[in-house]
Each structure stands twice: as structure tokens, then as C-alpha cells.
Amino acid sequence: MSCIRNKNTEPEQIVRGYLFSRGFRYRKNYKSLPGHPDIVLPKYKTCIFINGCFWHKHEGCKYFVWPKSNSEFWYKKIEENVKRDEANYQRLKALGWKVIVIWECELKKDVRDNTLKNVEKIIVE
Ligand SMILES: [Zn+2]
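Scoring rules and cut-offs
- Residues numbered from 1 in each chain as written.
- Predicted model: local features only at pLDDT ≥ 70, side-chain atom pairs only at ≥ 80, totals over all residues.
- Heavy atoms only, no water.
- Helix = DSSP H or I, 4+ residues; strand = E, 2+ residues; numbered from the N terminus.
- Expected span 1.5 Å × (residues − 1).
- Buried < 20%, exposed > 50% of the residue type's maximum accessible area, 1.4 Å probe, protein only.
- Arc of directions from axis to C-beta.
- Contact = heavy atoms within 4.5 Å.
- Donors = N, O, S within 2.8 Å, 3.2 Å for Na, K, Ca; no water.
- Tetrahedral: all angles 85-135°; square planar, octahedral: opposite > 155°, others 65-115°.
- Phe/Tyr/Trp six-rings, centres within 6.5 Å; stacked < 30°, edge-to-face > 60°.
- Lys NZ or Arg CZ within 6 Å of the ring centre and 35° of its normal.

> Help me understand helix H3 (residues 109-124) in this model?
One turn of the α-helix equals 3.6 residues, which is why residues spaced by three or four share an orientation. With 16 residues, H3 extends 24 Å between its outermost C-alpha atoms, agreeing within 8% with the 22 Å of an ideal straight helix rising 1.5 Å per residue. For H3, the full list of buried residues reads Thr115, Leu116, Val119, Glu120 and Ile123. The buried residues of H3 occupy an angular sector of 140° when projected down its axis, which confines them to one face. Set apart from the buried face of H3 by more than 90 degrees, the exposed residues are Asp110, Asp113, Asn114, Lys117 and Lys121. Where H3 is buried, its residues contact helix H1 (11-21), strand E2 (39-41), strand E3 (46-51) and strand E4 (98-103).

See the structure below:
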């Protein structure tokens, strides 16, 4: 999926850079956990997913719009993603992990600082 991401933003980099600068140490690509979270903070038993608004269906978001053509295909594909996400979050919670979902739109320049501060608050909470 990396090929369709916006090359300029690199949302994971933004979050990792912030956490690192705030003294958090994380692991990436923690394959042994359900859903392969983008960022894992073992010390806080916290997993962070950075979700694209389209692929993970950010409801009510202006970046999520059902495609007009091939709609049945997209509906099936995206609903499957949503179901898989939900199952992964539940599995992680059952294992005692805190799950934080950050939407890509929440990392746009004007709202990024706020989002990152909030994330930090949830991690240490
Ligand atoms: Zn969004």
C-alpha cells in the first residue's frame, strides 16, 4: 500500500519524530501483534495505528468519499478493511494493549500539533 501514499506527508514519520523528540522510545513493524501496528510503545503497552482516511473509512471526514465508479468493488473492499481493523483492535485490547488510532487528516499541518499533544496525553494517561 506504500505506493499510493502521499509522498510528501509520510504520516508515520511525523508521529515517530514527535514521539522521539518527547523522549518516547518505540518499535516499528512489530509483526507479532495483531494488525501490525505502525508504532508500538512497549513501556506503555500502547499501539498506534496511522490510518488513511479513504482505506480505513474515516466516517464524516472530507477525505472519505465513496468512489462513484466500481462502487460495489470499493464498498466490499473498504468494509472488509473496517471489519479487519475492528477485529485487530479488539484482539489487542484483549491482550491488554492500549490502542490509539490517528487518522491521516489529523496530521495535516494546521491540526497536527493538537493531535500529537493529545496522543501523548493518551499514551501516558
Ligand atoms: Zn480523515
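> Whenever I open this one, the coordination of the zinc ion confuses me. Can you help?
Octahedral metals with six donors have ideal donor angles of 90 or 180 degrees. Tetrahedral metals with four donors have an ideal donor angle of 109.5 degrees. Around the zinc ion, the protein supplies Cys53 (SG), His58 (ND1), Cys61 (SG) and Cys105 (SG) as donor atoms, at distances of 2.0 to 2.4 Å. Seen from the zinc ion, its 4 donor atoms lie at angles of 103 to 117°, and the figure they make is tetrahedral. In the primary structure, the donors to the zinc ion are separated according to the pattern C-x4-H-x2-C-x43-C. Pair noted here: Cys53 is in the loop between E3 and helix H2 (71-94) and Cys105 is in the loop between E4 and H3, with a separation of 52 residues, a long-range link.

> Please explain the packing of aromatic side chains as it appears in this structure.
Aromatic ring pairs: the centre-centre distance and the angle between the two ring planes describe each pair. Per the stated rule, a full pass over the model turns up 9 aromatic pairs. Relative to Trp74, the ring of Phe54 lies with its centre 5.5 Å away and its plane at 65°, an arrangement referred to as edge-to-face. With Phe54 in the loop between E3 and H2 and Trp74 in helix H2, the pair connects residues that are 20 residues apart, well separated along the chain. Ring geometry for Phe73 and Trp74: centres 5.0 Å apart, planes at 75°, overall edge-to-face. Assessed through its relative accessible area of 42%, Phe73 is described here as partly exposed. Pairwise contacts between aromatic rings join Phe54, Trp55, Phe64, Trp66, Phe73, Trp74 and Tyr75 into one cluster. If you follow Arg25 out to its NZ or CZ, it ends over the ring of Phe20, 3.9 Å from the centre.

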